[in-house]
Amino acid sequence: PYMQKEDAKPQTIAYEYITKIEQLDKTQFSEKEQFHIDVFLFSFYAGGMAPIDVCYLTWSSISISDNIIDYERIKFPKSGVTPFNDGVKEIIEKHRNKCYSNFVLPILSHKHKTEVQQRGRIKRFQYELNKTLKRVAKLIDCNKDFTWYAARGTFITKMLDEDFHPIAVAKFAGNSPN
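Below or above, wherever it landed, is the structure these notes cover. (Residues numbered from 1 in each chain as written. Predicted model: local features only at pLDDT ≥ 70, side-chain atom pairs only at ≥ 80, totals over all residues. Heavy atoms only, no water.)

Of the two faces of strand β2 (residues 68-72), only one is covered, namely that formed by Ile69 and Tyr71; the face formed by Ile68, Asp70 and Glu72 stays uncovered. In this structure, the hairpin formed by strand β1 (residues 62-63) and β2 is closed by a connection of 4 residues, where Asn67 is found at a positive phi of approximately 60°. For β2 and strand β3 (residues 79-83), the ladder comprises 5 bridges, and the chain directions are antiparallel. When the sheet's bridge partners are listed, Tyr71 is paired in β3 with Gly80. The antiparallel pairing of β2 with β3 creates a hairpin that spans 6 residues between the two strands. (Buried < 20%, exposed > 50% of the residue type's maximum accessible area, 1.4 Å probe, protein only. Helix = DSSP H or I, 4+ residues; strand = E, 2+ residues; numbered from the N terminus. Pairing = 2+ DSSP bridges.)

Next up, the structure:
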């Protein structure tokens, strides 16, 4: 029991804060911080895609003709299938020319050849992104700090609040209905 990992607690913010983040004047942020905000919103727009899945997302997971993203989850043996919507398209196009190899977003580069290097990069990237989100929380008058993972929880909560069937939401997020 001492070795078992604790269950992750779902993290959400009110949908109104997503709207405030979308409307935020991003010129007050550095280029790197603006990218952090884009990646957070990408996670939300892409069906609540988990941070690790965003980092490893490749073009082979995107079917432009079918207008979907169909990807295999990294942490769990499940697939996520979500619409390739305008929010996702806009962020991808904004950063497309900076990407390495077949990756959809420029998070990993040619320097991250091994799994250890990739995981280290993702851990550092996540830390920096969460630091940016602390600043964002203050600017949008959100009374609690939130992390990148809140994009996932907020998407799932928003869909359920809008009476989408739990099985459909689970399919988007690559989750089980539970």
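When two helices pack together, you describe them by how their axes are tilted relative to each other and by the distance separating the axes. Contact geometry of helix α1 (residues 15-23) with helix α2 (residues 31-45) gives a least axis separation of 11 Å together with a crossing angle of 135°. Here α1 is positioned oblique relative to α2, judged by the angle of their axes. Judged by the sense of rotation from one axis to the other, the crossing of α1 with α2 is left-handed. Where α1 approaches α2, its residues Tyr15, Ile18, Ile21 and Glu22 are matched on the opposing element by Ile37, Phe40, Leu41, Phe44 and Tyr45. When grouped by side-chain class, the residues that make up the contact of α1 with α2 number 8 nonpolar, no polar and 1 charged. (Axes fitted to C-alpha atoms, helices over the stretch in contact; angles between N-to-C directions. Parallel < 35°, antiparallel > 145°, perpendicular 65-115°, else oblique. Left-handed = near helix turned anticlockwise from the far one by under 90°. Contact = heavy atoms within 4.5 Å. Nonpolar A, V, L, I, M, F, W, Y, C, P; charged D, E, K, R; others polar.)

Per the stated rule, a full pass over the model turns up 8 salt bridges. Residue Lys94 is joined to Asp38 by a salt bridge in which the shortest nitrogen-to-oxygen separation is 3.0 Å. Taken as a pair, Lys94 in helix α4 (residues 86-95) and Asp38 in helix α2 lie far apart in primary sequence, 56 residues in all. Judged by its relative accessible area of 43%, Lys94 is partly exposed. Judged by relative accessible area, which is 5%, Asp38 ranks as buried. (Salt bridge = Lys/Arg side-chain N within 4 Å of Asp/Glu carboxyl O.)

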